[in-house]
Amino acid sequence: MDRRDFLRGSLGGAFLASRAADSVAQIPGPPAPQTWDPGQVRHLLPTVSDTRILIKASFAKPLAGSPSLRIGASSFRGQMNDTEGTFWQFYATDLQPNRRYSLSLSASDGEPLCQPWDLATFPAPGMRPESFRALFFTCAGGPDTDPRGFLPTAIRNRMLRRALSFQPQAMVANGDHVYWDLHSPRVPPPRRDNTRLESFNRSALVFGDRNETVLKLAAGPQIVPVYGTDFRSTPVFFLQDDHDYFDNDEAWDEIVTFPPVWFQLELARATQRLYYPEFLPDENRPRGLPWGSIGNGADGVSESWGTLRFGRLAEVLLYDVRRTCTLSGPSAVYIDPEVERWLMARTESQDVFHLVHAPSNPFGWSAGKWMEWYPDVLNAFGKLTTAEPKPYWQAGWLKQHDRLVAAMAAMKNRIPITISGDLHAVAIGKILRAGKLNLEKNPIAAVLAGPIGTSAAGWPSAFRGVSSTPPAYLDVEEEVKPIEQHSFTIADFLSDRISLRFFKWDLKTQSPEAIDTLQPFHMAELARPV
Ligand SMILES: [Fe+2]
């Protein structure tokens, strides 16, 4: 099966019926780098720690033998991650911290696969760098061929290139890198289109079956043209959220989409294995956390819990709220209890100046979705309310929220801050109260990082008829109320403060060219209490 068969045939046809056949055939390839020769490389996404580098890459055609990554005088043999030899990973260990290396990739016959490029490791945990700049965004997924009209991948790439022009030292993509929902629970069964669901053989393995082809055809066009090789020198941290498990978070009597069923868990894991790096080990993150030491040839690498540690200056804790969620009422959790213990220990630690909580769903605002921390639900009049129960929402989730919020607010000499994903809006506010917990003395800075790829129908006000608002459970002083535009956030960490710059671009009123000179529409400076 090739792409055209997939898109024209029954597998994709239902989604493309409204598109002209010739536009269907236009699956975008990777964006052309401006000053670097990618050779055979179609996409390349690296992550780093102080001593390790993990790279995921795909090539224009299958490679017959193992390619190698050369870093300085050391050579690291690639590991094939699919069954045809197109997708490879390179795992380098025992590197020097805070060092810019020259990297090169070569085929088994020694021929270069692309031009060499640079990548730096992070400072060691005890080092004291003066500054650290990171890019944050969410929801960059969605195929160009989807009739809902996600922002075209070429424009998403243009947004990311503008973000890269500010030279961030790391990128955090917080969830929803792939939109290929297998169920459409919002549509009742007689009218529901099961085409996507049935395109997979759900009792077969993902790899080595037609499933592998379908997965690549579904996910590749949402990732390769968005990132290409543009992040080759910028370490990336991709956290997974609901759509990365090939579904929206929705709960109805006939189907509850989380925790994920086995096959969809395997799709999420396979997407990560092929396209973007898992999280490198960290001395402070226990290796026994669930999915925290996957052993796919990359020792100690975690799928769902990530640490971005930049010397003594900054640490970002990344946690996926979908994978270990439970539905056990008052004792329910999003985060496995051992993972929560790790988050608590890091929040209580004194060994880093700035600590950011980056869960895959948002603190501070509600759009009435099922798997929010908060019980607010849309009523029959299209208003968010807590007067009615939210079906299948679990009281224990909010208790876990309160434990995390209390630990963040109790930090000494640190700004309590969360930069989260999932919500299709950019915003910043201060959480002053959470239930009975008064936070006025040490309010939590809550940031919605901003979405890159949202479709016209994907904004909360379009999808549910209401914009995101602070839930009834919280008092939030909104410095920037949620804005439903394509957007991203750049954070500068300095020893005494965090400076945030917020960028947005309006599809309705601005030209794509305007992206190239985008400036912050808002800035926020948070001082570290001393
Ligand atoms: Fe999400």
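Our structure's up above, just so we're on the same page.
Here the structure is a predicted model, which means the values were calculated and not measured.

What counts, and where the lines are drawn
Residues numbered from 1 in each chain as written. Predicted model: local features only at pLDDT ≥ 70, side-chain atom pairs only at ≥ 80, totals over all residues. Heavy atoms only, no water. Axes fitted to C-alpha atoms, helices over the stretch in contact; angles between N-to-C directions. Helix = DSSP H or I, 4+ residues; strand = E, 2+ residues; numbered from the N terminus. Parallel < 35°, antiparallel > 145°, perpendicular 65-115°, else oblique. Left-handed = near helix turned anticlockwise from the far one by under 90°. Contact = heavy atoms within 4.5 Å. Nonpolar A, V, L, I, M, F, W, Y, C, P; charged D, E, K, R; others polar. Donors = N, O, S within 2.8 Å, 3.2 Å for Na, K, Ca; no water. Buried < 20%, exposed > 50% of the residue type's maximum accessible area, 1.4 Å probe, protein only. 1 Å grid on protein atoms, 1.4 Å probe; cavity = no way out; pocket = protein on both sides within 12 Å on 5 of 7 lines; lining within 4 Å. Points joined across faces, edges and corners; volume = space filled by probe spheres on them. Expected span 1.5 Å × (residues − 1). Core = buried A, V, L, I, M, F, W, Y, C linked by side-chain atoms within 4.5 Å. Phe/Tyr/Trp six-rings, centres within 6.5 Å; stacked < 30°, edge-to-face > 60°. Lys NZ or Arg CZ within 6 Å of the ring centre and 35° of its normal. Pairing = 2+ DSSP bridges. Salt bridge = Lys/Arg side-chain N within 4 Å of Asp/Glu carboxyl O.

### Details of the packing of helix α6 (residues 210-227) against helix α7 (residues 262-275)
The N-to-C vectors of α6 and α7 enclose an angle of 55 degrees; their axes lie 11 Å apart at closest approach. The orientation of α6 relative to α7 falls into the category oblique. In this structure, α6 meets α7 at a crossing whose hand is right-handed. Taking contact as the criterion, the partners of N211, L215, K216, A219, G220, I223 and V224 in α6 are, on α7, F263, L267, A270, T271, L274 and Y275. Split by residue class, the contact of α6 with α7 holds nine nonpolar, three polar and one charged.

### A few points about the coordination of the iron ion
Taken together, D176 (OD), D241 (OD), D242 (OD) and D422 (OD) make up the protein donors of the iron ion, found 1.8 to 2.1 Å from the metal. In terms of primary sequence, the donors binding the iron ion are separated according to D-x64-D-D-x179-D. Placement of the pair is D176 in the loop between β10 (170-174) and α5 (195-199) and D242 in the loop between β11 (236-239) and α7, with a sequence separation of 66 residues. For D176, a relative accessible area of 0% gives the class buried. With relative accessibility at 0%, the residue D242 sits in the buried group.

### Some details on empty space enclosed by the protein
Evaluated as defined, the whole model comprises three cavities of 30 Å³ or more. The calculated volume of the second largest cavity comes to roughly 40 Å³. Around the second largest cavity sit P281, D282, R285, P286, R287, G292, G300 and S302, which together line it. A breakdown of the residues in the lining of the second largest cavity according to their chemical character gives two nonpolar, three polar and three charged.

### Considerations on helix α4 (residues 153-164)
In this model, α4 (12 residues) spans 16 Å end to end at C-alpha, consistent with the 16 Å of a helix rising 1.5 Å per residue. Within α4, nine of the 12 residues are buried, leaving the element largely enclosed by the surrounding structure. Buried within α4 we find T153, I155, R156, N157, M159, L160, R162, A163 and L164. Those residues of α4 hidden inside the fold are in contact with β9 (131-137), α6, β22 (486-494) and β23 (497-505).

### Points about the layout of surface pockets
Roughly 780 Å³ of volume is contained in the largest pocket. Of all the elements in the fold, those that place two or more residues in the lining of the largest pocket are β8 (117-120) and α4. Of the residues forming the lining of the largest pocket, the biggest block, seven residues, is contributed by α4. For the lining of the largest pocket, the residue count by class is 14 nonpolar, 12 polar and nine charged.

### Let's talk about the nonpolar core
Counting residues in hydrophobic clusters, the biggest one holds 58 residues, and the most contacted among them are L105, W117 and L500. In terms of residue count, the dominant contributor to this core is strand β2 (residues 53-59) (four residues).

### Looking at the packing of aromatic side chains
Applying the stated criterion across every chain yields a total of 21 aromatic pairs. Look at F363 and W373: their rings are 5.2 Å apart centre to centre, the planes differ by 15 degrees, and that puts the pair in the stacked class. Remark: W373 occurs in the loop between β14 (354-359) and β15 (377-378) and F363 occurs in the loop between β14 and β15; sequence separation between them is 10 residues. Take F363 and W373: they sit in the same class, and that class is buried. Following the ring pairs from residue to residue traces out a cluster consisting of F122, F132, F237, F310 and F493. One Lys or Arg, R322, reaches over the ring of F258 and ends 5.9 Å from the middle of that ring. Residue placement shows R528 over the ring face of F353; its charged tip is 4.3 Å from the ring centre.

### Observations concerning the pairing of strand β1 (residues 41-48)
Along β1, seven of the eight residues are buried, which leaves the element largely enclosed by surrounding structure. Looking at chain direction, β1 and β2 are connected through seven bridges and run antiparallel. Bridge pairing in β2 places P46 opposite I55. Taking the residues between adjacent antiparallel strands as the criterion, β1 and β2 are bridged by four residues.

### Observations concerning the sheet that holds strand β4 (residues 74-77)
The four strands are arranged β4-β3-β7-β8 in an open sheet whose pairing can be described as antiparallel. This sheet does not close on itself; its edge strands, each paired only once, are β4 and β8. Averaged over neighbouring strand pairs, the angle between their axes works out to 30 degrees when direction is ignored. As defined by bridge partners, strand β3 (residues 68-71) adjoins strand β7 (residues 100-106) across four bridges and the pair is classed as antiparallel. Paired with L69 across the two strands is L105, which belongs to β7.

### Remarks on the pattern of salt bridges
Oppositely charged side chains may form a pair once their charged atoms are brought near each other. Using the criterion set out here, one finds 31 salt bridges in the structure. In this structure, the salt-bridge partner of R346 is E315, at a minimum N-O distance of 2.7 Å. Placement of R346 in helix α8 (residues 337-348) and of E315 in strand β13 (residues 314-319) is noted, with a sequence separation of 31 residues between them. Judged by relative accessible area, R346 falls into the buried class, the value being 4%. Residue E315 is classed as buried on the basis of its relative accessible area of 0%.

### Remarks on the environment of P259
Checked against the element boundaries, P259 lands in the loop between β11 and α7. Given the relative accessible area of 36%, P259 is considered partly exposed. Along the sequence, P259 and A407 sit 148 residues apart, while their C-alpha atoms lie 26 Å from each other. Apart from the residues lying within four places of it in its own chain, the contact partners of P259 are R322, R323, C325 and L327.

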